[in-house]
Amino acid sequence: MMIQLLPNFEIRSTGSISDAFLSLGMFRFHQAITFVAQLPYGRNTNRTEYHQVLNERKGTCSTKHALLSALCREQGVKEIKLFTGIYEMNESNTSGIGQVLTSYGLSSIPEAHCYLKYQDKCFDFTRSNGSGEFIDSFVVEHEIAPHQIGDFKLAFHRSFLEEWLSDHKLNETFDLDRLWVIREQCIEALSER
């Protein structure tokens, strides 16, 4: 199981995120991971306030991993890092979006995804199985800080989509705003599952 490859450090009272996990009875990092991974996929009220994952009992790849990264930072565990990467999202690697893509004549759409990295291994705790199973390839990726899951990630994603439209000669069929609407429909389909 992938979770076993991550350090299972003790959570000490070193900040608000750590204290929130402690108040929920989680005293080790693996307990925090399992709890967060088992929460349903869903957008939080404010996409940049990752601490809302604990209050709203749901989260996205961004908010769930930013929360776990913030916990690591509070605990002084610097070797577990937060990343965002772009992958070609399709029905095979993101079950539930195929119908949306097909309705627009697309087989995939670039999606920005957040995840953790430790010793050059990627860990994804977005899905409820909590195993840390992962999307197998990224076109491009960047290390980010938890506070960068908002504007930075959005700008990074939209910039990549513009290049992708041009590279795939889809500029005449789609513009950036229309492609973003399609992407939003894919995310909505995921939230409904």
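Keep in mind that what you see is a predicted model, and the values were worked out from it rather than measured. (Residues numbered from 1 in each chain as written. Predicted model: local features only at pLDDT ≥ 70, side-chain atom pairs only at ≥ 80, totals over all residues. Heavy atoms only, no water.)

**Some details on the overall build of the protein**
Scanning the protein from terminus to terminus reveals 7 helices and 4 strands. Element order for the protein, N to C, with α for helix and β for strand: α-α-α-α-β-α-β-β-β-α-α. Its C-alpha atoms give the protein a radius of gyration of 17 Å, within 12% of the compact-globule value 16 Å for 193 residues. Based on the C-alpha atoms only, the size of the protein along its principal axes is roughly 55 × 30 × 30 Å. Split into buried and exposed, the 193 residues of the protein put 49% on the buried side. Contacts spanning at least 24 positions in sequence make up 62% of the contacts within the protein whose residues lie at least 6 apart. Total accessible area on the protein is roughly 9,500 Å²; 47% of this is exposed by carbon and sulfur atoms. Taking the 19 positively charged and 25 negatively charged side chains of the protein as two groups, their mean positions are separated by 5 Å. (Helix = DSSP H or I, 4+ residues; strand = E, 2+ residues; numbered from the N terminus. Rg over C-alpha atoms; globule rule 2.2 N^0.38 Å. Buried < 20%, exposed > 50% of the residue type's maximum accessible area, 1.4 Å probe, protein only. Contact = heavy atoms within 4.5 Å. Areas by Shrake-Rupley, 256 points an atom, 1.4 Å probe, with all protein chains shown as cover. Lys, Arg positive; Asp, Glu negative; His and termini not counted. Charge placed at Lys NZ, Arg CZ, Asp CG, Glu CD.)

**Structural notes on helix α1 (residues 16-23)**
Residues I17, S18 and F21 constitute the buried set of α1. Down the axis of α1, the buried side of the element spans an arc of 100°, and every buried residue falls inside it. Along α1, exposed side chains directed more than 90 degrees from the buried face belong to S16 and S23. One or two positions beyond α1, positive phi appears at G25, with a value near 85°. (Arc of directions from axis to C-beta.)

**Concerning helix α2 (residues 29-38)**
Restricting attention to buried positions, one finds in α2 the residues F29, H30, A32, I33, V36 and A37. One side of α2 carries all its buried residues, which in axial view fall inside an arc of 155°. In the core, the buried residues of α2 are packed alongside α1 and α4 (61-74).

**Here we look at the pattern of salt bridges**
Two side chains carrying opposite charge are able to pair once their charged atoms lie near each other. Counted according to the given criterion, the structure contains 5 salt bridges. The shortest N-O distance in the salt bridge between E184 and R183 comes to 2.6 Å. A relative accessible area of 23% means that E184 is categorised as partly exposed. A single network of salt bridges, built from pairs that share partners, joins R43, E111, R183 and E184. (Salt bridge = Lys/Arg side-chain N within 4 Å of Asp/Glu carboxyl O.)

Functional significance is not addressed by these values, which are geometric in nature.
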